[in-house]
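# Coordinate analysis (summary)
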Amino acid sequence: NACLLTFDDGYIDHFENVFPILIKKNIQGVFFPSAKAVMEESVLDVNKIQFILASKKKNIDEILLKIEELLNDFRYEYGLRSNDYYFTKLAKPGRFDTKEVIYIKRLLQRELAEGLRAKIIDNLFKTYVTKDLKDFSNELYMSLDQLKIMFESGMFIGSHGYEHYWLDTISPEKQELEIDRSLEFL
């Protein structure tokens, strides 16, 4: 009847809400922060995408039009295919998400080259969420000091990568670097 409680990404609400409950109940938890968010006070791309989508939940078409515009801007520089190609390939409804949301997630998490993904995600985040990445990061993720307090109180801290990459989308060399940097953080 064992149960293992795990918490990914190192969100500050894990420190503020989960951690006190675990301490009160004398239960250990395992926390897996992404090192870049903690060490560089930056917002992970996966979270930027989530907040972009949340900002326009009722009007996803506005984000789709902006992405189409950005793809058009970068088409020749990055040798991109047509917008219809990407939408047809990626826009498949999921269990919890519409085909439009899946399209945006897959396009910005896996399909495009990493440098282009970063440019598009940053543009969308600054347009729809905020230009102040550091403050947003500090409101979203735990600090190194908070992680140390949790560790010293008996919680386990594990690795969730350095930049939260989908490892199957990056080269073996970059996979090794991602793992090494994450282990350095630990």
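Before going into details, it helps to say that this report is about the structure given with it. (Residues numbered from 1 in each chain as written. Predicted model: local features only at pLDDT ≥ 70, side-chain atom pairs only at ≥ 80, totals over all residues. Heavy atoms only, no water.)

### Let's talk about a negative patch on the surface
Rules: Candidate patch residues must exceed 30% relative accessible area and have no salt bridge, after which like charges are joined if within 9 Å and Val, Leu, Ile, Met, Phe, Trp or Tyr side chains if within 5 Å. Each accessible area value is a Shrake-Rupley result obtained with a 1.4 Å probe; residue values ignore everything except the protein chains displayed when judging cover. Between Lys or Arg on one side and Asp or Glu on the other, a salt bridge is scored when a side-chain nitrogen of the former is within 4 Å of a carboxyl oxygen of the latter. In this tally, Lys and Arg are treated as positive and Asp and Glu as negative; His is ignored, and so are the chain termini. For this purpose, a charge sits on NZ of Lys, CZ of Arg, CG of Asp or CD of Glu. A run of H or I in DSSP becomes a helix once it reaches four residues, and a run of E becomes a strand once it reaches two; helices and strands are each numbered from the N terminus. Buried, partly exposed and exposed residues are distinguished by accessible area as a fraction of the type maximum, computed with a 1.4 Å probe on protein chains only: under 20%, between the cut-offs, and over 50%, respectively.
Where like charges cluster on the molecular surface, the negative patch consists of Glu-173, Glu-176, Asp-180 and Glu-184. As for its placement among the helices and strands, Asp-180 is situated in helix 10 (residues 172–185). The exposure class assigned to Asp-180 is partly exposed, which follows from its relative accessible area of 37%.

### Structural notes on helix 8 (residues 133–140)
In plain terms, the rule: The arc under discussion is defined with respect to the helix axis, by the directions toward the C-beta atoms. Contact definition: two residues touch when any of their heavy atoms are within 4.5 Å.
For helix 8, every residue scored as buried is listed here: Phe-136, Ser-137 and Leu-140. Here the buried residues of helix 8 occupy an arc of 100° about the axis, which is enough to place them on one side. The inward-facing, buried residues of helix 8 contact helix 1 (12–25), helix 2 (35–39), helix 3 (45–55) and helix 7 (114–128).

### Quick word on the pairing of strand 1 (residues 6–9)
Heads up, the rule is: In this description, strands pair whenever DSSP reports at least two bridges between them. Orient the strands so they point away from the viewer, and a crossover whose first-strand-to-second-strand path over the helix runs clockwise is right-handed.
Here strand 1 runs beside strand 2 (residues 30–33); their pairing, made up of four bridges, is parallel. Its bridge partner being in strand 2, Asp-9 is matched across the sheet by Pro-33. The parallel pair strand 1 and strand 2, bridged by helix 1, forms a crossover whose chirality is right-handed.

### Some thoughts on the packing of helix 4 (residues 60–78) against helix 6 (residues 99–111)
Short version of the rule: Each axis is a line fitted through C-alpha atoms, taken for helices only over the stretch in contact, and angles between the N-to-C directions span 0 to 180 degrees. We call a crossing left-handed when the near helix sits turned anticlockwise from the far one by less than a right angle, and right-handed when that turn is clockwise. When residue character is reported, Ala, Val, Leu, Ile, Met, Phe, Trp, Tyr, Cys and Pro are called nonpolar, Asp, Glu, Lys and Arg charged, and the others, Gly included, polar.
In contact at an axis separation of 10 Å, helix 4 and helix 6 are set at 35° when each is read in the N-to-C sense. Along this stretch, helix 4 crosses helix 6, giving a crossing that reads as left-handed. Contacts between helix 4 and helix 6 pair Ile-60, Ile-63, Leu-64, Ile-67 and Leu-71 from the former with Glu-100, Val-101, Tyr-103, Ile-104, Leu-107 and Leu-108 from the latter. A class-by-class count of the residues in the contact of helix 4 with helix 6 yields 10 nonpolar, no polar and one charged.

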